[in-house]
Each structure stands twice: as structure tokens, then as C-alpha cells.
Amino acid sequence: MKLLPYVVAVPLLMFSFTCNAVSEKEQLEQQVNEYKKLGLLANKCNESGKTSSAACRTFIGMFNEGEIAEVLDSFSKNLGTHISIDQDLAFEGLDAFTDIIDTLNFLFEEELKNTTRL
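Residues numbered from 1 in each chain as written. Predicted model: local features only at pLDDT ≥ 70, side-chain atom pairs only at ≥ 80, totals over all residues. Heavy atoms only, no water.

### What about the overall build of the chain?
Tallying secondary structure elements over the chain gives 4 helices and 0 strands in all. Going from N to C terminus, the chain has its helices and strands arranged as α-α-α-α. Relative to its full complement of 118 residues, the chain shows a buried share of 24%. Surface accessibility of the chain: about 8,300 Å² in total, with carbon and sulfur atoms responsible for 58%. (Helix = DSSP H or I, 4+ residues; strand = E, 2+ residues; numbered from the N terminus. Buried < 20%, exposed > 50% of the residue type's maximum accessible area, 1.4 Å probe, protein only. Areas by Shrake-Rupley, 256 points an atom, 1.4 Å probe, with all protein chains shown as cover.)

Here it is in C-alpha cells:
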């Protein structure tokens, strides 16, 4: 009789941990999908080679609104956790992160060129 609470509690506890892990992975998938969408936009901007392209204007608008900073901050703060949940998924996010950084570099270089011409 004394074992009955443990027999019931252990499976419930294991189920709770499983649900939590699934939830964390689903949340990570959503975050990585957002990183990847932004990475695709960043690639389109970079590939256009023109800061006046639609992709670049959208990207710049997001930067000016602080959305890019939020994504970069969130990603960098949570990278260790992302890796512990799903390493492959975390590296997909890292690929998108580098695309975003490359585009920021492109945009800042273009801005620097334009300001030094004056």
C-alpha cells in the first residue's frame, strides 16, 4: 500500500518531463523558423547588392524598429539552451544568425561609403 503513491507519481512525473521537453523543442522550432525567415530576407537583401531593394528596405525598417536587435539578443542569450534541446536545430538558427550579421555588415559598409562620399 505504501508503494501505491510512488507507482502513480513516477509515471506522472515522467509524463510531465516528456511534455515539457516536447514543448521546449516546439518552442525552439518556432524560434528557429523566425530566425530562418529573417535570414532569408537578409540573404535577399545581400544578394540584391542594393540598399534600395525591397528586401533591404524591409530589413532596414525592422532594424530601425529594434526587431533585429531583439532577435540577435534572444539568440545569443539562449544559444546554450538551444543546443541542449536540439543541436541540429540550433545550428540551423546559427546559419540564419550569420546571414543576418553578414547583411548588417553589408548595409553598414554601404552606409559608410555613402557618408564618406559627401
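Let's pick the thread back up.
### Some words on the environment of Thr-81
Considering the arrangement of structural elements, one finds Thr-81 in helix α3 (residues 67–85). Distance from Thr-81 to Glu-24, taken between C-alpha atoms, is 9.7 Å for residues 57 residues apart in sequence.

### A closer look at the pattern of salt bridges
In this structure the tally under the stated criterion is 5 salt bridges. Put simply, Asp-73 and Lys-77 hold a salt bridge, and the shortest N to O gap is 3.3 Å. You can see Asp-73 and its partner Lys-77 sitting in helix α3, 4 residues apart, about one turn around the helix. In this structure Asp-73 comes out as partly exposed when scored by relative accessible area, which is 37%. One salt bridge in this structure joins Lys-113 and Glu-110, with 3.1 Å as the shortest N-O distance. Here Lys-113 pairs with Glu-110, and both are found in helix α4 (residues 87–117), just 3 residues apart, close to one helical turn. By relative accessible area, which is 41% here, Lys-113 ends up partly exposed. (Salt bridge = Lys/Arg side-chain N within 4 Å of Asp/Glu carboxyl O.)

### Considerations on the state of the cysteines
Defined simply, a disulfide is a covalent bond joining two cysteines at their sulfur atoms. Evaluation of the coordinates by the stated rule reveals 1 disulfide. In this model Cys-45 forms its disulfide with Cys-56; the gap between the sulfur atoms is 1.9 Å. The S-S bond linking Cys-45 to Cys-56 shows a torsion near 100°; that makes this disulfide right-handed. Linking Cys-45 in helix α1 (residues 4–48) with Cys-56 in helix α2 (residues 54–64), this pair joins segments that are 11 residues apart in sequence. One exposure class covers both Cys-45 and Cys-56, and it is buried. (Disulfide = S-S within 2.5 Å.)

### Examining the confidence of the model for the chain
Model confidence for the chain is summarised by a mean pLDDT of 83, while 80% of its residues fall at 70 or above. Averaged pLDDT values over the elements of the chain bottom out at 73 in α1 and peak at 96 in α2. (pLDDT = per-residue confidence, 0-100.)

### Some remarks on the layout of surface pockets
One number sums up the size of the largest pocket: a volume of about 160 Å³. Taken together, Thr-51, Phe-59, Ile-60, Phe-63, Asn-64, Leu-104, Leu-107, Phe-108, Glu-110 and Glu-111 make up the full set of residues lining the largest pocket. The set of elements that each furnish at least two residues to the lining of the largest pocket consists of α2 and α4. It is α4 that provides the largest number of residues to the lining of the largest pocket, a total of 5 residues. Tallied by class, residues from the lining of the largest pocket come to 6 nonpolar, 2 polar and 2 charged. (1 Å grid on protein atoms, 1.4 Å probe; cavity = no way out; pocket = protein on both sides within 12 Å on 5 of 7 lines; lining within 4 Å. Points joined across faces, edges and corners; volume = space filled by probe spheres on them. Nonpolar A, V, L, I, M, F, W, Y, C, P; charged D, E, K, R; others polar.)

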